[in-house]
Each structure stands twice: as C-alpha cells, then as structure tokens.
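Below, each chain spelled out in residue letters.
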Amino acid sequence: MRRLAAALLVMTAFASLAGCAQDFDRGPDGRVTDKVKDGKKFYLVVDPAKGGEEKKFRVSKYDYHDCNRGSKYPKCVDD
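Residues numbered from 1 in each chain as written. Predicted model: local features only at pLDDT ≥ 70, side-chain atom pairs only at ≥ 80, totals over all residues. Heavy atoms only, no water.

**Some thoughts on the overall build of the protein**
Point 1. Counting secondary structure elements, the protein contains three helices and four strands.
Point 2. Starting at the N terminus and walking to the C terminus, you meet the elements of the protein as α-β-β-β-α-β-α.
Point 3. Counting across all 79 residues of the protein, residues that qualify as buried make up 23%.
Point 4. Partitioning the contacts of the protein with sequence separation of at least 6, the portion at a separation of at least 24 is 38%.
Point 5. Here the protein displays about 6,300 Å² of accessible surface, and carbon together with sulfur accounts for 53% of that area. (Helix = DSSP H or I, 4+ residues; strand = E, 2+ residues; numbered from the N terminus. Buried < 20%, exposed > 50% of the residue type's maximum accessible area, 1.4 Å probe, protein only. Contact = heavy atoms within 4.5 Å. Areas by Shrake-Rupley, 256 points an atom, 1.4 Å probe, with all protein chains shown as cover.)

In structure tokens, the structure reads:
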C-alpha cells in the first residue's frame, strides 16, 4: 500500500511539472508587426525601436494572446 501511495505521489509531481509554462528568450523592444501561429508554436514579429530588421521569435501562447499588432513589446507582456 505504501508503494502505491508513493508511486501516485511521484506521478502527480511529474504531471504538475509537465504543465509548467516554458520560458523563451525575450525578443527586442519595439512594436509588434505580426503574429504567427505554426501548429502549437506561437511567434511574434517585432520591429525594433532602435532601427534594424524585424525579428521573429517564439513566445508562450499567453504572450501571443496578450500582444496585439501595433502594441509595444515587451509592455504587452508585462501588463
């Protein structure tokens, strides 16, 4: 009985860790110009505030939904 309880506890711990959000590298500061969804992967395209080329980078689905086209990145994530 103890082994069963221990096994259930370990399985529950692993299941809760699997549900944690992933952290992706932060993109450059600037304006969101486009949003791209590729299957279960979410991307933002940002035009940097200090010039340069647009940059596409992966974000969590929550950041993808929080940032609209034309909004300031990363402010849209922090609000």
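**What about the state of the cysteines?**
Point 1. Counted by the stated rule, this structure contains one disulfide.
Point 2. The disulfide partner of Cys67 is Cys76, and the gap between their sulfur atoms is 2.0 Å. For the disulfide bridge between Cys67 and Cys76, the dihedral angle about the S-S bond is near 85°, and by the sign convention the bridge is right-handed. (Disulfide = S-S within 2.5 Å.)

**A few points about the nonpolar core**
Point 1. In terms of nonpolar packing, the biggest core is built from ten residues, these being Val32, Phe42, Leu44, Val46, Phe57, Val59, Tyr64, Cys67, Tyr73 and Cys76.
Point 2. Listing elements by their share of this core, those giving two or more residues are strand S2 (41–48) and strand S3 (55–59).
Point 3. Other than its neighbours up to four places away in sequence, Val32 contacts Leu44, Val45, Val46, Cys67, Asn68, Arg69, Gly70, Ser71 and Tyr73. (Core = buried A, V, L, I, M, F, W, Y, C linked by side-chain atoms within 4.5 Å.)

**So, the sheet that holds S2**
Point 1. Strand order across the open sheet formed by four strands is S3-S2-S1-S4, with antiparallel pairing between neighbours. Two strands lie at the open edges of the sheet, namely S3 and strand S4 (72–73), each paired on one side alone.
Point 2. Judged from the eight bridges that link them, strand S1 (residues 30–38) and S2 form a sheet pairing that is antiparallel. Note that in S2 the partner of Val36 across the bridge is Tyr43. (Pairing = 2+ DSSP bridges.)

**So, the pairing of S3**
Point 1. Judged from the five bridges that link them, S2 and S3 form a sheet pairing that is antiparallel. Across the sheet, Tyr43 pairs through a bridge with Arg58, a residue of S3.
Point 2. A loop of six residues connects S2 with S3, the two strands running antiparallel in sequence, and Gly51 in this loop sits at a positive phi of about 80°.

**So, the packing of aromatic side chains**
Point 1. Overall, the coordinates contain two aromatic pairs when judged by the stated rule.
Point 2. Ring centres 4.9 Å apart and planes at 50° place the aromatic pair Phe42 and Tyr64 in the tilted group. A residue pair is termed long-range when its members are at least 10 positions apart, and Phe42 in strand S2 and Tyr64 in helix H2 (residues 61–66) qualify at 22 residues.
Point 3. The aromatic ring of Tyr64 is capped on one face by Lys35, whose charged end is 4.6 Å from the ring centroid. (Phe/Tyr/Trp six-rings, centres within 6.5 Å; stacked < 30°, edge-to-face > 60°. Lys NZ or Arg CZ within 6 Å of the ring centre and 35° of its normal.)

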